[in-house]
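Observations on chain architecture
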Amino acid sequence: MPAAATAIAPTPLQSFPITGMTCASCVRRVEKAIAAVPGVESAAVNLATERADVRLVEPAAAGAVVEAIRSAGYDVPGQSVEIAIDGMTCASCVNRVEKAIAAVPGVVSAAVNLATGRATVNAVAGTPLSAIEAAVRKAGYEPRLRGDAAAEDAHAASRAAEYARLKRDVLIAAIFTLPLFVLEMGAHFVPGVGHLLHGIDRQWLHIFYFVLASIVQFGPGLRFYGKGIPALLRLSPDMNSLVVLGSTAAWAYSVVVTFLPGLMPEGTANVYFEASAVIVTLILLGRLLEAKARGRTSTAISKLVGLQPKVARVKRAGRSLEVPIDQVLAGDIVEVRPGERLAVDGVVIAGSSFVDQSMVTGEPIPAAKGEGAEVVGGTINTTGSFTYRATKVGADTLLAQIIRMVEQAQGAKLPIQALVDRVTAWFVPAVMAVAAFTFLVWFVFGPEPAFTFGLVNAVAVLIIACPCAMGLATPTSIMVGTGRAAELGVLFAKGEALQSLRGTSVVALDKTGTLTAGRPELTDFETAEGFTADEALALAATVESRSEHPIATAIAAAAEAKGLGLPPLEGFEAMPGFGARGRAGGVEVAVGADRYMERLGLDVAPFRDVAERLGRKGRTPLYAAIGGRLAAIIAVADPVKPSTPAAIAALHAMGLKVAMITGDNRRTAEAIASGLGIDEVVAEVLPEGKVEAIRRLKSGGRKVAFVGDGINDAPALAEADVGIAIGTGTDIAIESADVVLISGDLAGVPTAIGLSQATIRNIRENLFWAFAYNALLIPVAAGVLYPVNGTLLSPMIAAGAMALSSIFVVGNALRLRRFSPSHVETAA
């Protein structure tokens, strides 16, 4: 972990651009709002320049200043940038980088993620990126702006090279440590080895140990010095500093014993070369295993990126050319052959095929695509060939949106992380203080040789402390959890929803387009005596084909689906509120409500039992009259999606209440709710009334997740504690949603909630391990059990425990990759 600065000295005066001010009253209002913020020394607002010059006692108050200005009714133009940061290895690094960036004038907030190695920075417009980069470098790390493909490739190559160097160092360290460890430990525990060494001069044996240990210490172990020593000099020690202090103390003590034994107190002439070498080797091995495991946490992103083809075949100037995917333009004609991945999103203009869209819909059966059908980049063409016009390219494609949303969610800092941030701010200095105190206590009060006891136990304290586990506990679980969610068709557009969704007690569902398909279909068609179903449907559809009403469209579509021919229509007439009429094939046909039939003098009593049955199902009947006679009863309804009943059952199994919000009349709504087992119904709600309905459901402190289509339901999605949007085709960029279900399948709701529960549980397990490990083993390393049962912890065992601690945290997080939609918990 690189060295870092304790803080970057804040500029006393910070300038904030402000929009929306029109007069002197605005100036006064903004000045009062800013002055009320804790940490503000003074504020001067200039109407002409539209800026506020603020003197801050604490640079962290910049975010509060921006919020105060916005609360007063004005705005501060902002910008957000993601910066990749190389060299961070533990929680102390994260804390140090965040403080360095936050101290840059103009920065409103900074969130650094150890697992992803990224910083998300929000700043006022115009804040120079160079200043942020300079702050990161001054803290001892290397920043790199994201988005540059060449830079990303170079970084990937650099990481691969670093991993190769780490493997090499582990191998070298192991080769020179193994004989040292076998000889020294064998002398104590294996009689044959001890007898063999007894005939060798101890001085020469110690010199041999010195050579082996020095190669390890200043060969593979040199990486710790390169980062740990500068951190110590800046008075901002990190994990590398702890390793340097611990291993160097053991090595240096042994050097003095070997070459200047006269300087040591009587009875203390013991060497610990094997301890210094084993410490370096085990910690390097731990880092190697951790790096390999951490690489697996980002497999979801790697898989998504791997879906993007490198080239596309486009038609230009009458020729087919293969061009890099970043050179495909909207409007280009793209050719696709069997077995190829589609390069970008678009609309088919010629040909047909079946396309595997499982990455988007989760549906394993390829979907038929013909002229006019939408296709998505990254999906796989199976059999036929076709051409399509590119409509969305680059960052606008569905796949690019998915990757962007997953990356943003993985970089999020959850509220549960706040405790970790507070602890890691003082953890390493506290460990160093405990180590110094341990040495003093043993030196003053310990048995002889007190100096040796004090040194060994202080080294054990330095080595066993593990800020890495604390730093990785939350972000690794978030990375794996959100990545697994993306594989299951759930996108956490806002990382915080990963935690807040777990506390949901009520799931409110919009009916149209969420519970139902969102498009009416013919559900019932029964004829009177003397009429055939196909004949009556064809004539009714002929009249309704001229109407634009959704019900009429559903009747016409049903006739088309059955392949019925429609006779010519004459004298069409629509009567709002009643129905429509016309002459179809020379026959008078009327379609409409019961009141229309009564106006025509027709009695609907023969269909009374059918009408009552339809009413119990929440379906309003229509009637068709042909040639002056009642011919058929018709029902059109928005059918429930096939996945809806199972999804609601899964929510109930999790102990959640399910509510439905709809504009339908109460009778229809109650009928649908009864059939699906929905607990609460809020009916006859106008679109603008959904927000108030959400507020009523939240009464009593209940946490409400609202599921809507993300287009008409934006206010309700924003009002709910968690807004879940059903993805619509190729558009998933729904700003008001916290969670987006890519496939549009309601089964994604229990999946999202179950994954939220599993991820938060996983984070808590990691945090418990990280804190309990340090809280329990640091005192043991200090020797608190020695007066009780004589137990002391060898620095070598401490090094192994420290290495395993981080590996445990990452390994536990990787268990989330096995999460399946059936793994849900009963809500607490």
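This write-up is about the structure you can find in this document.

The rules behind these values
Residue indices follow the written sequence of each chain, beginning from 1 at its first position. In keeping with the model being predicted, local features are shown solely for residues with a pLDDT of at least 70 and side-chain atom pairs are shown and tallied solely at 80 or more, while totals for entire chains, interfaces and linings include all residues. The side-chain figures draw on all heavy atoms in the structure; neither hydrogens nor water molecules are used. Pairing of aromatic rings covers Phe, Tyr and the six-membered ring of Trp, with a centre-to-centre limit of 6.5 Å; geometry is then stacked below 30 degrees between planes, edge-to-face above 60, and tilted otherwise. In this text, helices come from DSSP runs of H or I with a minimum length of four residues, and strands from runs of E with a minimum of two, each type numbered from the N-terminal end. Over a ring means this: the NZ of a Lys or the CZ of an Arg is within 6 Å of the ring centre and within 35 degrees of the ring normal. Under the scheme applied here, a residue whose accessible area is under 20% of the maximum for its type counts as buried, over 50% as exposed, and between as partly exposed, the area being computed with a 1.4 Å probe on protein chains only. A contact between two residues is defined here by any heavy atoms of the two lying within 4.5 Å. Note on pairing: two strands pair once DSSP finds at least 2 bridges between them. Here an axis means a line fitted to C-alpha atoms, over the contact stretch when the element is a helix, while the angle between two N-to-C directions is reported on a 0 to 180 degree scale. Residues with no salt bridge and a relative accessible area higher than 30% make up the patches, which join like charges within 9 Å and nonpolar side chains (Val, Leu, Ile, Met, Phe, Trp, Tyr) within 5 Å. Each accessible area is a Shrake-Rupley result for a 1.4 Å probe, and residues are judged covered by the shown protein chains and nothing else. A side-chain nitrogen of Lys or Arg and a carboxyl oxygen of Asp or Glu constitute a salt bridge if their distance falls within 4 Å. By nonpolar core we mean a set of buried residues, namely Ala, Val, Leu, Ile, Met, Phe, Trp, Tyr and Cys, connected to one another through side-chain atoms within 4.5 Å.

Moving on: the packing of aromatic side chains. Applying the stated criterion across every chain yields a total of 16 aromatic pairs. Summarising the aromatic geometry, the rings of Tyr-253 and Phe-451 are spaced 5.6 Å apart at their centres and angled 25° between planes, so their arrangement reads as stacked. With Tyr-253 in helix α9 (residues 239-259) and Phe-451 in helix α16 (residues 450-464), this pair connects stretches of sequence that are 198 residues apart. In textbook terms, an aromatic cluster arises when at least three aromatic residues are bridged by ring pairs, as seen for Phe-210, Phe-218, Tyr-225, Trp-251, Phe-259 and Phe-273. Of note, Arg-595 hangs over the ring of Phe-578, and the distance from its end group to the ring centre comes to 5.8 Å. Here the guanidinium or amino end of Arg-599 rests over the ring plane of Phe-578, the centre of that ring lying 4.0 Å away.

All right, on to the side chain of Thr-644 then. Of note, Thr-644 is situated in helix α24 (residues 644-653). The exposure class assigned to Thr-644 is buried, which follows from its relative accessible area of 0%. Discounting chain neighbours no more than four positions away, the residues touching Thr-644 are Thr-514, Leu-515, Leu-676 and Leu-746.

With antiparallel pairing, three strands are arranged side by side in an open sheet as β1-β3-β2. Of all strands in the sheet, those bounded by a partner on one side alone are β1 (13-17) and β2 (40-46). Going across the sheet, the axis of each strand differs from the next one's by a mean of 20°, ignoring polarity. As paired elements, β1 and strand β3 (residues 51-56) share five bridges and run antiparallel to each other. Each bridged residue has a counterpart across the sheet, and for Leu-13 the counterpart in β3 is Arg-55. Where helix α1 (residues 24-35) meets the sheet, its contacts fall on β2 and β3, and the angle it forms with β2 comes to roughly 165°. The strands touched by helix α2 (residues 62-71) are β1, β2 and β3; relative to β1, the strand with the most contacts, the crossing angle is about 35°.

Another point: a nonpolar patch on the surface. Together, Phe-437, Val-441, Phe-443, Val-444 and Phe-445 make up an exposed nonpolar region whose accessible area comes to about 550 Å². Within the secondary structure, Val-444 is located in helix α15 (residues 427-445).

So, about the nonpolar core. What tends to happen in soluble globular proteins is that the nonpolar side chains get buried as a cluster. Judged by nonpolar contacts, the single largest core of 136 residues is most densely connected at Ile-101, Phe-492, Ile-724, Val-739 and Val-749. Looking at this core, the element that brings in the most residues is helix α28 (residues 748-782), giving 13 residues. Other than its neighbours up to four places away in sequence, Phe-492 contacts Met-405, Ala-409, Thr-482, Ala-485, Ala-497, Leu-498, Leu-501, Asp-738, Val-739 and Ala-752.

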